[in-house]
Amino acid sequence: MLETTINGIKFKNPVIAASGTFGFGAEFSGYFDVSLLGGIASKGLTLNPREGNAGQRMLETPSGMLNSVGLQNPGLRAFVAEELPRMKKYRTNIIANLSGSCEGDYLAGAEILDDSGIDMIELNISCPNVKSGGMAFGIKADVAAALVSAVRRKVRRKPLMVKLSPNAENIAEMGKACEAAGADSLSLVNTFSGLAINIYTRKPFFENVIAGLSGPAIKPLALRMVRDVYKAVKIPVVGMGGIAGWTDAAEFIMAGASLVQVGTANFTKPDICLDIIRGLERFLAEQNITSPDELRGII
Amino acid sequence: MPYQISKILANAAVSSDVMLMRTAWSEKPKPGQFFMLRMPENSPVLLARPISVHDWENGILSLLYQVVGRGTGAFSRLRPGDKIGLWGPLGNGFNFPDPGKIALVGGGIGIAPLYYLAKNIPAKATAFLGYRSEPFALENFGGFCESVKISSESGFGGHFKGFVTELLEREIGAFKAIYCCGPTPMMKAAAELCGKYGVPAFVSLENKMACGIGACLTCTCANSSGRHARTCLEGPVFRAEEVFFDA
Ligand SMILES: Cc1cc2nc3c(=O)[nH]c(=O)nc-3n(C[C@H](O)[C@H](O)[C@H](O)COP(=O)(O)OP(=O)(O)OC[C@H]3O[C@@H](n4cnc5c(N)ncnc54)[C@H](O)[C@@H]3O)c2cc1C
Ligand SMILES: Cc1cc2nc3c(=O)[nH]c(=O)nc-3n(C[C@H](O)[C@H](O)[C@H](O)COP(=O)(O)O)c2cc1C
Ligand code: FES
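Figured I'd write up the structure that's included with this text.

1. Comments concerning unusual backbone geometry
With omega at 10°, the peptide bond leading from leucine 188 of chain A into valine 189 of chain A counts as cis. For the bond running from glycine 235 of chain B to proline 236 of chain B, omega is 10°, close enough to zero to count as cis. Positive phi outside glycine occurs at asparagine 7 of chain A, with the angle close to 50°. Here asparagine 7 of chain A lies in the loop between strand S1 (4–6) and strand S2 (9–11). Using a relative accessible area of 25% as the deciding quantity, one classes asparagine 7 of chain A as partly exposed. With a phi angle near 55°, leucine 71 of chain A is a residue other than glycine that sits in the positive phi range. Inspection of the secondary structure assignment puts leucine 71 of chain A in the loop between strand S6 (64–67) and helix H1 (76–87).

2. Regarding the site of ligand 2
Among the 23 residues in the neighbourhood of ligand 2, the closest are listed as Ser19, Lys163, Gly215, Gly242 and Thr264 of chain A. Of the chains in the model, those with residues near ligand 2 are chains A and B. Within the backbone of glycine 44 of chain A, an N or O atom sits 3.0 Å from an oxygen atom of ligand 2. The side chain of threonine 264 of chain A places a nitrogen or oxygen atom 2.7 Å from an oxygen atom of ligand 2. Coverage of ligand 2 by the protein chains reaches 97% of its 610 Å² of free accessible surface. For the shell around ligand 2, a count of residues per class yields 6 nonpolar, 15 polar and 2 charged.

3. Digging into the sheet that holds strand S14 (residues 210–214) of chain A
Residue and element names in this part refer to chain A. Taken together, 4 strands build an open sheet; the order of strands is S5-S6-S14-S11 and the sheet is antiparallel. Of all the strands in the sheet, just strand S5 (58–61) and strand S11 (192–195) have a single pairing partner and so form its edges. Each strand axis lies, on average, 40° off the axis of its neighbour in the sheet, ignoring direction. Of the pairings in the sheet, the one linking S5 to S6 comprises 4 bridges and is antiparallel in character. Bridging across to S6, threonine 61 finds its partner in glycine 64.

Cut-offs used in this document
- Residues numbered from 1 in each chain as written.
- Chains lettered and ligands numbered in written order.
- Predicted model: local features only at pLDDT ≥ 70, side-chain atom pairs only at ≥ 80, totals over all residues.
- Heavy atoms only, no water.
- Helix = DSSP H or I, 4+ residues; strand = E, 2+ residues; numbered from the N terminus.
- Buried < 20%, exposed > 50% of the residue type's maximum accessible area, 1.4 Å probe, protein only.
- Near = heavy atom within 4 Å.
- Polar contact = N/O pair within 3.5 Å; in protein donor to acceptor, adjacent residues only side chain to side chain.
- Areas by Shrake-Rupley, 256 points an atom, 1.4 Å probe, with all protein chains shown as cover.
- Nonpolar A, V, L, I, M, F, W, Y, C, P; charged D, E, K, R; others polar.
- Pairing = 2+ DSSP bridges.
- Axes fitted to C-alpha atoms, helices over the stretch in contact; angles between N-to-C directions.

Below you can see the structure in the form of structure tokens.
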């Protein structure tokens, strides 16, 4: 009933565990059968291993959280050699979240993933671009489009989903630029840039100063952006940002999302994705709807 | 075990800002392990909070916690019969391979996991418990320890006035290992003392955590190999010499 196909990939339901919030899946397998998910997006992966940021990495905020993990990950080669074989045992789609700090690293990473056993690439353009003083690739549409078209030339076999940053200058224009540059689908939103200050030490709470805001606090903003992008492009849109229950997921579908991703909510209850899948099933049955297609983009 | 919603059996103050909560949990945890505790639905507190096993007996889990902020503040207002969400037991816990003489060194609320450790350790340990002022949750330590030494920074009730590490230093040579939990400066001081006297030390870290199960990478601590280890999974108990206390 919940089955949805995008970019030629069949998802048994539209619920994907979001990048950076679900590890490599194994962490959650003691809490529910992760094969029941529509898909799992891996932790953000870079060409070389990264140890991530120093200092505090997390702060709860009203209805949300700030994080400053800094892309700690084992690197793409270790991912393909060690994590991916384990992930492939789950009967669900494996989406590799490709991150980087310069175009060269993204391209080398894209080649590795294109030859691997993953189902889809999610290109994370929210990463700081070393070349332009740390401004993320996903802020200016022309910078993002240049990266997407270069990566597109390397990715021949796998569908290429581009994950947009809500910090983009204009989210609809950004969506259109990435579509024109060759994206097969778009996912949004990544975290919003935020700040917290320790008033007693008079210093930023995070060593990196800026951190990423996620969770229910961002949901109305994310929902509006998903609708804006859905209306601006023809390729499928994957929605996320603050989804904490099945009603939120249904709202994202009505705003135009083909699939949804669940991030921060995984930390509040390890099996929350299962609750969301079951809730959507019940809702469709109650409403006599045979497919989420009937709800998509009705707003 | 899966995520569970459990009924609160008791939740009462044991001192001005420390509470003891009891709830059902069927499986026996290891000393030094912890649970993620989450307010039931519709609470403004979003994330769960890590709380150590203070005791477990016949399917009843006891948690000793200090009310310091929004999360623990919300826990403190729960009443018997209310529900709490939890998952665990999590983390590596304390390992005690050596049957030799062991010291348990706790500072403030850091004594919480040491009680369950004292109860389950093969040989009776010596407890060094340090408090800011009035001692709390002492009742049963005596029964499971060879002796209990108390310090109070204010000298409350005639207890040794000063830091718990001062008490420890007087006897440190007698121990094969120390197990320590408390505020970072206190663990750092204890670790330095153990380094000076060549006694192995194990410290239980209390980093901020979101998931508790190794997925979010927000709880990491810098260790001596230059890596960022997950406190929730590779810890919370580490060999003291592996930990960079200033990072
Ligand atoms: C493995 C483990 C086991 C633990 N076991 C126990 C236990 O058994 N008992 C126990 O009591 N605790 C234990 N803790 C600690 C406990 O988890 C924390 O005290 C708890 O999460 C605090 O949550 P809170 O919402 O009440 O406080 P928070 O609101 O998170 O605040 C905690 C403290 O940080 C300060 N703070 C918050 N934000 C800022 C800021 N921006 N700048 C500066 N300071 C700030 C607050 O003032 C407060 O003093 C354990 C922790 C770990 C990791
Ligand atoms: C701790 C944490 C780590 C994250 N790591 C990544 C990452 O590596 N790559 C990425 O594209 N997004 C990452 N994200 C963003 C999420 O995938 C998601 O886009 C965002 O959190 C919004 O959704 P939510 O409100 O449901 O969490 C991370 C989010 C959190 C909270
Ligand atoms: S708390 Fe999430 S990895 Fe440790």
